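# Summary of structural features
Now for the letters of each chain:
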Amino acid sequence: RPVSEQGGASMMPENSTNQPMVSIIVPVYKAERFLDECIRSITDQTYSSLEIILVDDASPDQCPRICDEWSERDERVSVIHLGNGVGASGARNVGLDQCTGDYVMFVDSDDLLEADAVRYSVEQALVGDYDLVIFGKHYIDEYGRASRTSIVDRDIAAIADASGYYTALSYLLRVDYLNPPWGKLFVRRLVEHVRFDTAMCYEEDLVFVLAALEAKPNVFASSKALYEYRHLENGLASVFRREKPLNVVQANHKKIRFFANHMNDGGVRENLSFHIANDIGWVIPMIKHGEGISASRKADYVMEMTSEPQLRSYMMKALSHSWMPRLQKILIVLNWKWLWEIHLR
């Protein structure tokens, strides 16, 4: 894959008046324990030219007050209070409608940005003429303790129209560098007319990023971890909702369409198949632990994903080396509803 090693001294003066403006959009909901620390990690950035948009998604706790206090304290902070909850995707869309920066970033209200995240990202964008800069993440718990780090092993440059462009993008998909909207610096034109699908509750973030990538931007993926993602055991990402298997099918078809013209590339096929297999495998345990659902209904939900002909063909290519447990792989190969029912009880 195309690789670019980056480094060197800072290219940007601390208080340069011609710094590009970076809009940072923060959807805020039920995060009163973490919000103050989150906002401080943004206002304390070593890069000063910021437009910080806090979108209060009708949060029922102290978040609206915390947001207002920050807007009074720092003129770069503005607050939008929504009368009705629209979800994280809807709140991000409101922020996109309002932002005016040259670049756009997203930060979730219980997460943190490393102090140099914005400066580093803008420098890479300007020096390398990149439209999208992606960086890695540290996983932290509710007390801010780091558990593991998710990064690429070296910096990767994917240059539009260069050979290997889609191979590099498929690799970034495989290693989870594409799917969150956070941990990224987008040049504004990439997201100016792209919005999150509020009808989706799962993988809507990846669908958003794929839509931005339709413009064939130059992409730089950094091996630096500059985002701190707070992984909570009872977080929404791990809770089953009926829409999740439907969204998995929908999102995976979008991935296939995005890479459709590049399937003659073995790397693209392998990376896409690996991601689809693990994507489906990730949701099956959520379905198993869903409450108030019969085993028969759970089996139907699983087979919505495992029986879909196009997805199944990709999944089977990568099943043997996917991250799934052996039993789950055997069940997928057989794919008999009565066996799924026994497993999902």
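Residues numbered from 1 in each chain as written. Predicted model: local features only at pLDDT ≥ 70, side-chain atom pairs only at ≥ 80, totals over all residues. Heavy atoms only, no water.

If you tally the helices and strands in the protein chain, you get 13 helices and 10 strands. Over its C-alpha atoms, taken along the principal directions, the protein chain stretches across nearly 65 × 50 × 35 Å. Buried positions account for 56% of the 345 residues belonging to the protein chain. A separation of at least 24 residues holds for 81% of the contacts in the protein chain among residues at least 6 apart in sequence. Carbon and sulfur atoms provide 49% of the accessible area of the protein chain, an area that totals close to 15,300 Å². Each charge sign in the protein chain was given a centre, from 37 positive and 48 negative side chains, and these centres are 9 Å apart. (Helix = DSSP H or I, 4+ residues; strand = E, 2+ residues; numbered from the N terminus. Buried < 20%, exposed > 50% of the residue type's maximum accessible area, 1.4 Å probe, protein only. Contact = heavy atoms within 4.5 Å. Areas by Shrake-Rupley, 256 points an atom, 1.4 Å probe, with all protein chains shown as cover. Lys, Arg positive; Asp, Glu negative; His and termini not counted. Charge placed at Lys NZ, Arg CZ, Asp CG, Glu CD.)

Once that is clear, we can look at the packing of aromatic side chains. The final tally for this structure, using the stated rule, is 16 aromatic pairs. An angle of 20° between the planes, with centres 5.1 Å apart, marks the rings of Trp182 and Tyr229 as stacked. Remark: Tyr229 occurs in strand E10 (residues 219-230) and Trp182 occurs in the loop between helix H5 (165-174) and strand E9 (184-187); sequence separation between them is 47 residues. Here the aromatic residues Phe106, Phe186, Phe196 and Phe208 are joined through ring pairs into a cluster of three or more. The ring of Phe274 has Arg174 lying over it, and the distance from NZ or CZ to the ring centre is 3.9 Å. Above the plane of the ring of Tyr314 lies Lys317, whose end atom (NZ or CZ) is 4.9 Å from the centre. (Phe/Tyr/Trp six-rings, centres within 6.5 Å; stacked < 30°, edge-to-face > 60°. Lys NZ or Arg CZ within 6 Å of the ring centre and 35° of its normal.)

On to the confidence of the model for the protein chain. The predicted model of the protein chain has a mean per-residue pLDDT of 93, with 94% of residues at 70 or higher. Note on residues 1-11: pLDDT under 50 across the span, and 27 contacts to partners over four residues away in sequence or across chains. (pLDDT = per-residue confidence, 0-100.)

Another point: the pairing of strand E2 (residues 50-56). Of all the seven residues making up E2, seven are buried; the element is thus mostly covered by neighbouring parts of the structure. The alternating pattern of E2 places Leu50, Ile52, Leu54 and Asp56 on one face and Glu51, Ile53 and Val55 on the opposite face, and all of these are buried. The sheet contact formed by strand E1 (residues 22-28) and E2 spans seven bridges and is parallel. Looking at E2, one finds that Ser23 is bridged to Glu51. The β-α-β motif built from E1, the intervening helix H1 (residues 35-43) and the parallel element E2 has right-handed crossover chirality. (Pairing = 2+ DSSP bridges. Right-handed = clockwise from strand over helix to strand, strands pointing away.)

Moving on: the nonpolar core. Among the nonpolar cores identified, the biggest contains 111 residues, and Val22, Ile24, Leu113, Leu169 and Leu172 are the most heavily contacted of them. Beyond its immediate chain neighbours, meaning those up to four positions away, Leu113 contacts Ile24, Ser41, Ile42, Gln45, Met105, Val107, Val118, Phe135, Leu226 and Tyr227. (Core = buried A, V, L, I, M, F, W, Y, C linked by side-chain atoms within 4.5 Å.)

The subject of this paragraph is the pairing of E1. Among the seven residues that make up E1, seven are buried, leaving the element largely enclosed by the rest of the structure. With burial as the criterion, each face of E1 is covered, one bearing Val22, Ile24, Val26 and Val28 and the other bearing Ser23, Ile25 and Pro27. Where E1 meets strand E4 (residues 103-106), four bridges bridge the pair, whose relative direction is parallel. Within E4, the residue paired with Ile24 across the bridge is Met105.

When two helices pack together, their arrangement is given by the angle between their axes and by how far apart the axes lie. Between helix H10 (residues 295-306) and helix H13 (residues 337-344), the shortest axis-to-axis distance is 8 Å and the interhelical angle comes to 120°. By the criterion of interaxial angle, the relationship of H10 to H13 is oblique. Considering how the two elements wind past one another, H10 and H13 form a crossing that is right-handed. Between H10 and H13, the contacting residues are Ala295, Ser296, Lys298, Ala299, Asp300, Val302, Met303 and Thr306 on the first element and Lys337, Trp340, Glu341 and Leu344 on the second. Looking at the contact of H10 with H13, its residues break down into six nonpolar, two polar and four charged. (Axes fitted to C-alpha atoms, helices over the stretch in contact; angles between N-to-C directions. Parallel < 35°, antiparallel > 145°, perpendicular 65-115°, else oblique. Left-handed = near helix turned anticlockwise from the far one by under 90°. Nonpolar A, V, L, I, M, F, W, Y, C, P; charged D, E, K, R; others polar.)

Our focus in this paragraph is a nonpolar patch on the surface. Judged by side-chain polarity, Ile330, Leu334, Trp336, Trp338 and Ile342 come together as a nonpolar surface patch covering roughly 500 Å² of accessible area. Of all elements in the fold, only helix H12 (326-334) and H13 reach the threshold of two or more residues within the nonpolar patch. When you line up the elements, Ile330 lands in helix H12. Using a relative accessible area of 37% as the deciding quantity, one classes Ile330 as partly exposed. (Patch = residues over 30% accessible without salt bridge, like charges linked within 9 Å, V, L, I, M, F, W, Y side chains within 5 Å. Salt bridge = Lys/Arg side-chain N within 4 Å of Asp/Glu carboxyl O.)

This brings us to the pattern of salt bridges. Under the criterion given, the structure shown has 19 salt bridges. Salt-bridge contacts for Asp74 lead to Arg76; the nearest nitrogen and oxygen are separated by 2.9 Å. When its relative accessible area of 13% is taken as the criterion, Asp74 is described as buried. Three or more residues joined by partner-sharing salt bridges are found here, namely Asp116, Arg119 and Glu123.

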